[in-house]
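# Fold and contact review
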Amino acid sequence: MRIDRLLGILAALLRREKVTAPFLAEKFEVSRRTISRDIDALCMAGIPIVTEQGRNGGISIAPGYTLDRQLFTQAELESILSGLQGVGSVSPVSPMAVLREKLPLPEHSAPSFSIDLASHYKDSLTEKISLLRKAIGEHLLITFRYYSPKGEAFRQVEPHVVTFQWNDWYLLAWCTKRRDFRMFKLSRLWELALTDKHFSPRKIPEEKLDAEYVWQENYRLEAVFDPKVKYRLVEEYGPACFTEQEDGKLRFSCRFTFYDNMRSWVLSFGDAVTVLSPQELREDLYRQGENFLERYGKQDS
């Protein structure tokens, strides 16, 4: 989430004649070292920033510099505004408002499409992302309790990247216990806390950021669905995921990364699905059916 901080720093520099690094560090809740890196990034982007040492020193923008709205086409502005709107949906500070302070945008410049990256965990999600931004920016170890199909565990990790992929939020971090990079789902990550321990950033292997590598599809599901659930198949996997049989039923084929996710997804269709393969899943569902019969088959008198 560094982009909205850079925009915020630029906004502060444009509004004031001169600011200090401690002022910016306090305003954006990061270290002075992080502010120095941000100033360097703005300079590399072509912003003429002047730094002065001494008692009356500070950071300022060269006189006469302004951001010109004509640098962007209308389509580019819409893309920028839509992207910032998405960031704002999970951020306590609206980067959209920051941009409007620097560009003389007309009132009708609202984007033609809307992005909302929040969820029903919005309040906790915003807090988590805010803490993770601070931890990543200042290279602080974090701790949290993590819930997974294998149970729950207390973890201590070096946070590197927060990413929104596969319709959810994840943290890519170096796990001090596993001694490797791991992907953690934010909705399963609770009791998040910063420590006072610093770490040196590690080089992230390219494959760790590759969705196809991280989520390798290990299970192929072959099943037949009732036509009444066609809308769900289309919604979740698209119309190409099935073929319509002569009897009107839908022959479905798709690969899944995790067995438990595949099983839970199939169970959500109730009796509207018949699994053809894998055999492991058929046997699992049979055992589960027997357990249901044992639990609910006989009513108490």
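Here is a short report on the structure shown in this document. These figures come from a predicted structure and were not determined experimentally.

Criteria and thresholds
- Sequence order sets the numbering: in each chain, residues are counted from 1 along the sequence as written.
- A pLDDT threshold of at least 70 governs which residues receive local features in this predicted model, and a stricter bar of 80 or more applies before side-chain atom pairs are shown or counted, although totals over entire chains, interfaces and linings include all residues.
- Excluded from the side-chain calculations are hydrogens and water; all other atoms, namely the structure's heavy atoms, are used.
- Two strands are said to pair when DSSP picks up at least two bridges between them.
- Secondary structure elements are taken from DSSP: a helix is a run of H or I of four residues or more, a strand is a run of E of two residues or more, and numbering for both begins at the N terminus.
- Stacked, edge-to-face and tilted are the three classes for Phe, Tyr and Trp ring pairs, Trp counted by its six-membered ring, which pair at centre distances within 6.5 Å; planes under 30 degrees apart are stacked, over 60 edge-to-face, the rest tilted.
- Remark: exposure states derive from per-residue accessible area (1.4 Å probe, protein chains only) relative to the maximum for the residue type, with buried under 20%, exposed over 50%, and partly exposed in between.
- Criterion for a charge above a ring: Arg CZ or Lys NZ at most 6 Å from the ring centre, at most 35 degrees from the ring normal.

### Overview of the pairing of strand S3 (residues 140–148)
- By the bridge criterion, five bridges tie S3 to strand S7 (residues 189–198) in an arrangement that is antiparallel. Looking across to S7, one finds that Thr-143 is bridged to Ala-193.
- When S3 meets strand S4 (residues 151–165), the two strands line up antiparallel, connected through seven bridges. Within the sheet, the bridge partner assigned to Arg-145 lies in S4 and is Phe-154.
- Counting the residues in the hairpin turn of S3 and S4 gives two residues.

### Digging into the packing of aromatic side chains
- Tallied over the full model, the rule gives 16 aromatic pairs.
- With a centroid separation of 5.5 Å and an interplanar angle of 85°, the aromatic rings of Trp-174 and Phe-181 are classed as edge-to-face. Both residues of the pair, Trp-174 and Phe-181, count as buried.
- For the pair Phe-256 and Trp-265, a centre-to-centre distance of 5.6 Å together with 45° between the ring planes defines the contact as tilted. The residues Phe-256 and Trp-265 share a single accessibility class, namely buried.
- An aromatic cluster is defined as three or more aromatic residues linked by ring pairs; in this entry it consists of Phe-225, Tyr-237, Phe-252, Phe-256, Trp-265 and Phe-269.
- In this arrangement the basic side chain of Lys-27 is found over the ring face of Phe-28, its NZ or CZ atom lying 5.6 Å from the centre.
- Geometry around Trp-190 places Lys-128 over its ring, the cationic atom sitting 3.6 Å from the centre.

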